[in-house]
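Descriptive structure summary
Here's the letter readout for the chains.
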Amino acid sequence: MVEPLDAAARTALSATLPAWQPVAGRDAIRREFRFRDFSEAWGFMARVALLAEAQDHHPEWSNVWNRVEILLTTHDAGGLSARDLRLAQAIDALLG
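The name given to the protein chain in an unreviewed UniProt entry is Putative pterin-4-alpha-carbinolamine dehydratase, with Belnapia arida as the source organism. One UniProt comment on the protein chain, placed under Sequence similarities (unreviewed entry), says "Belongs to the pterin-4-alpha-carbinolamine dehydratase family." Recorded under Catalytic activity (unreviewed entry), the UniProt text for the protein chain is reproduced unchanged: "(4aS,6R)-4a-hydroxy-L-erythro-5,6,7,8-tetrahydrobiopterin = (6R)-L-erythro-6,7-dihydrobiopterin + H2O".

Printed below as a string of structure tokens:
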């Protein structure tokens with residue numbers, strides 16, 4: 001069983017992952033990414049898919065042309081967990 005984030009980690013979220021926003025009505029975080037075109041967005045999704053598979057933690061996401069939205073939550077924890085933070089940080093690192 002994966003443990004949900006503790007209060008200290010939740011308080012630090014805005015500093016730790018400033019580009020990620022809380023999702024209203026869900027214990028989750030989301031981020032929207034914009035790219036030059038569909039090919040660039042799709043390439044980004046392919047790289048994220050490899051990260052997600054390596055971490056065995058898969059995002060909820062959508063893609064429309066040059067936009068990718070990623071939502072992270074851990075269903076086994078009933079909300080946010082350290083797994084979400086690790087994946088979000090790895091996704092951010094893809095962008096430099």
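Moving on from the coordinates now.
With that settled, the discussion passes to the side chain of R83. Within the fold, R83 resides in helix α3 (residues 82–94). Within polar-contact distance, the side chain of R83 engages the backbone oxygen of D56 at 2.4 Å. Residues within four places of R83 in sequence aside, it is in contact with V2, Q55, D56, H57 and T74.

Compared with an ideal rise of 1.5 Å per residue, which puts 18 residues at 26 Å, helix α2 (residues 38–55) spans 26 Å between its outermost C-alpha atoms and is within 8% of the ideal. Taken together, the buried positions of α2 are occupied by A41, F44, M45, V48 and A52. Taken end-on, α2 shows its buried residues confined to a sector of 100 degrees, consistent with a single buried face. Opposite its buried face, α2 presents the exposed residues S39, W42, L50, E53 and A54, each directed more than 90 degrees away. Looking at the buried positions of α2, the neighbouring elements they touch are β2 (29–34), β3 (60–64), β4 (67–72) and α3. The N-capping residue of α2, defined by a side-chain oxygen 3.2 Å from the backbone nitrogen of S39, is D37. After α2 finishes, the residue D56 shows a positive phi value of roughly 50 degrees.

Of all 6 residues that make up β4, 5 are buried, and the element is covered over most of its length. Of the pairings in the sheet, the one linking β2 to β4 comprises 6 bridges and is antiparallel in character. Paired with I29 across the two strands is L72, which belongs to β4. Bridge count for β3 against β4 is 5 bridges, and the pairing is antiparallel. Considered in β4, the bridge of W61 is made with I70.

Calculation notes
The residue numbers shown here count from 1 along each chain, following its written sequence. For this predicted model, a pLDDT threshold of at least 70 governs which residues receive local features, and a threshold of 80 or more governs which side-chain atom pairs are given and counted, while totals over whole chains, interfaces and linings are taken from all residues. Hydrogens and water are ignored here; the side-chain numbers use all heavy atoms of the structure. UniProt positions are given in the numbering used here, feature names are shortened, and annotations may be inferred rather than shown by experiment. Helix and strand definitions follow DSSP, with helices as H or I runs of at least four residues and strands as E runs of at least two, each counted in order from the N terminus. In protein, a polar contact requires one atom able to donate a hydrogen and another able to accept it; more generally it is a pair of N or O atoms within 3.5 Å, and residues adjacent in sequence count only if both atoms are side-chain atoms. It only takes one pair of heavy atoms within 4.5 Å for two residues to be counted as in contact. Given a helix with a known number of residues, its expected span is that number minus one, times 1.5 Å. For the exposure calls, accessible area comes from a 1.4 Å probe over protein chains only, and a residue counts as buried if that area is under 20% of its type's maximum, exposed if over 50%, partly exposed in between. Read the arc as the range of directions from the helix axis to the C-beta atoms. When DSSP finds two or more bridges between two strands, those strands count as paired.

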